[in-house]
Amino acid sequence: MGMTAVELGKAIKDGQVSVVEATQACLDSIEACEKDYNSFVTVDREGALAQAEEVQKKIDAGELNGPLAGVPIAIKDNMCQEGVQTSCSSKILSNFVPTYTAEAVVKLKEAGAVIVGHTNMDEFAMGSTTETSYFGETRNPWDTNRVPGGSSGGSAAAVAGEEVPCALGSDTGGSIRQPASFCGVTGIKPTYGTVSRYGLVAYASSLDQIGPVGKDVADCAALLEIIAGHDTKDSTSMKREDLDFSSSMTDKIVGMKFGVPKEYLSEGLNPEVKEAFMNTLKSLTE
């Protein structure tokens, strides 16, 4: 499971590993790690393996050739998936099984991604540590005495802990970006309206966005290209043509300006965090 999502997708396409093998490896990793991390609320073992077999057939038939075809992925437990418990990590919805699927998840399945389960989160996404879940707190894979951030802490921890190569989270006021930072992975909150919110249990409809969590920027770009796009079922969905996010990774940053809020560097900032932040600024400056 050391590969990024894009690397795994290429290995599957080249026949070096089958979709079933990749999915089984993720399921085995989840089984081994969950007692320590508690990243998942629901693991759909049978459903994932069935998906894997169908996706492999389509890849072999030349029907699926995208960069993440066959790649296992987890989704935050506030995204509806038909026939699979979607609880928002709350006892209130602990027996809720949707009859429809969120548009972003539909797009993932159409692209050949294999959904292995739903990740833990702060209850109804209201939190920043993933400690308020009815199903127990999620722990940071780098140090299980620390929190993974939130509210998409389960998704970030699942990627950081090598349980899955990539995941979806949702971000209202930092709920993808902050846990990605805590867990040392990459997360993006897309521009509002870029990704359909249909099927996402809302925290604040005027702010919520579904977005990718991956090991690096390439993973996030590939994921975002799949889930982005206009959706008539979401009145806030935006029609935009510039959805080739991967190509922008080759752009140079010469001439760009980076704003640094000085308040972020004030008293109370952990010295290790400040050092890492300043090193990043140094790299950008150079």
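Above this text is the structure in question.
Notes on the structure follow. This one's a predicted model, so the numbers in the text were calculated from it and none came from an experiment. (Residues numbered from 1 in each chain as written. Predicted model: local features only at pLDDT ≥ 70, side-chain atom pairs only at ≥ 80, totals over all residues. Heavy atoms only, no water.)

**Description of the overall build of the protein**
Here is the rule we go by: Helix and strand definitions here come from DSSP, where helices need a minimum of 4 consecutive H or I residues and strands a minimum of 2 consecutive E residues; each element is numbered from the N-terminal end. What the globule rule says is 2.2 Å times the number of residues to the power 0.38, and the radius of gyration is computed from C-alpha atoms. Residue burial is assigned from relative accessible area. The probe radius is 1.4 Å, only protein chains are included, and a residue is buried under 20% of its type maximum, exposed over 50%, and partly exposed in between. Whether two residues are in contact is decided by their heavy atoms: any pair within 4.5 Å suffices. To measure how exposed things are, a 1.4 Å probe is used in the Shrake-Rupley method; for residues, cover is taken only from the protein chains shown.
Helix and strand content of the protein: eight helices and six strands. The N-to-C order of helical and strand elements in the protein reads α-α-β-α-β-α-β-α-β-α-β-β-α-α. Here the C-alpha radius of gyration of the protein, 18 Å, is about what a compact globule of 286 residues would show, namely 19 Å. Reported as C-alpha extents along the three principal axes, the dimensions of the protein are approximately 55 × 45 × 40 Å. Per-residue burial over the protein gives 49% buried out of 286 residues. Contacts spanning at least 24 positions in sequence make up 68% of the contacts within the protein whose residues lie at least 6 apart. With an accessible surface of roughly 13800 Å², the protein has 52% of that area assigned to carbon and sulfur atoms.

**Here's the deal with the environment of V164**
Along the chain, V164 turns up in the loop between helix 5 (153-160) and strand 4 (166-171). Sequence separation between V164 and V116 is 48 residues; the distance between their C-alpha atoms is 8.5 Å.

**Here's the deal with helix 4 (residues 103-110)**
Where helix 4 is concerned, the buried positions are E103, A104, V105, K107 and L108. Buried residues in helix 4 make contact with strand 2 (72-76), strand 3 (114-119), strand 4, strand 6 (209-214) and helix 7 (217-227).

**Quick look at the pairing of strand 3**
Using the following cut-off: DSSP calls a pair of strands paired once it identifies at least 2 bridges connecting them. Here, the term right-handed applies to a crossover whose path from the first strand over the helix to the second runs clockwise when the strands point away from the viewer.
Buried residues dominate strand 3, accounting for six of its six residues. The sheet contact formed by strand 1 (residues 40-43) and strand 3 spans three bridges and is antiparallel. Its bridge partner being in strand 3, F40 is matched across the sheet by T119. Of the pairings in the sheet, the one linking strand 2 to strand 3 comprises five bridges and is parallel in character. The residue bridging P72 from the neighbouring strand is V114, located in strand 3. Handedness of the strand 2-helix 4-strand 3 crossover: right-handed.

**Section: a nonpolar patch on the surface**
The condition that has to hold: Each patch is built from salt-bridge-free residues with over 30% relative accessible area, joining like charges within 9 Å and nonpolar side chains (Val, Leu, Ile, Met, Phe, Trp, Tyr) within 5 Å. Salt-bridge detection follows one rule: a side-chain nitrogen of Lys or Arg within 4 Å of a carboxyl oxygen of Asp or Glu.
A contiguous nonpolar surface patch, about 360 Å² in accessible area, is contributed by I253, M256, F258 and L284. Looking at where M256 falls in the secondary structure, it is placed in the loop between helix 7 and helix 8 (271-285). With relative accessibility at 49%, the residue M256 sits in the partly exposed group.

**A short note on the side chain of N120**
This is how it is decided: Nitrogen and oxygen atoms within 3.5 Å of one another constitute a polar contact, given that in protein one can donate a hydrogen and the other can accept it, and given that sequence-neighbouring residues count only through two side-chain atoms.
Tracing the backbone shows N120 in the loop between strand 3 and helix 5. On the accessibility criterion, N120 (0% relative accessible area) is buried. Within the structure, the side chain of N120 is placed 3.1 Å from the side chain of T138, a separation counted as a polar contact.

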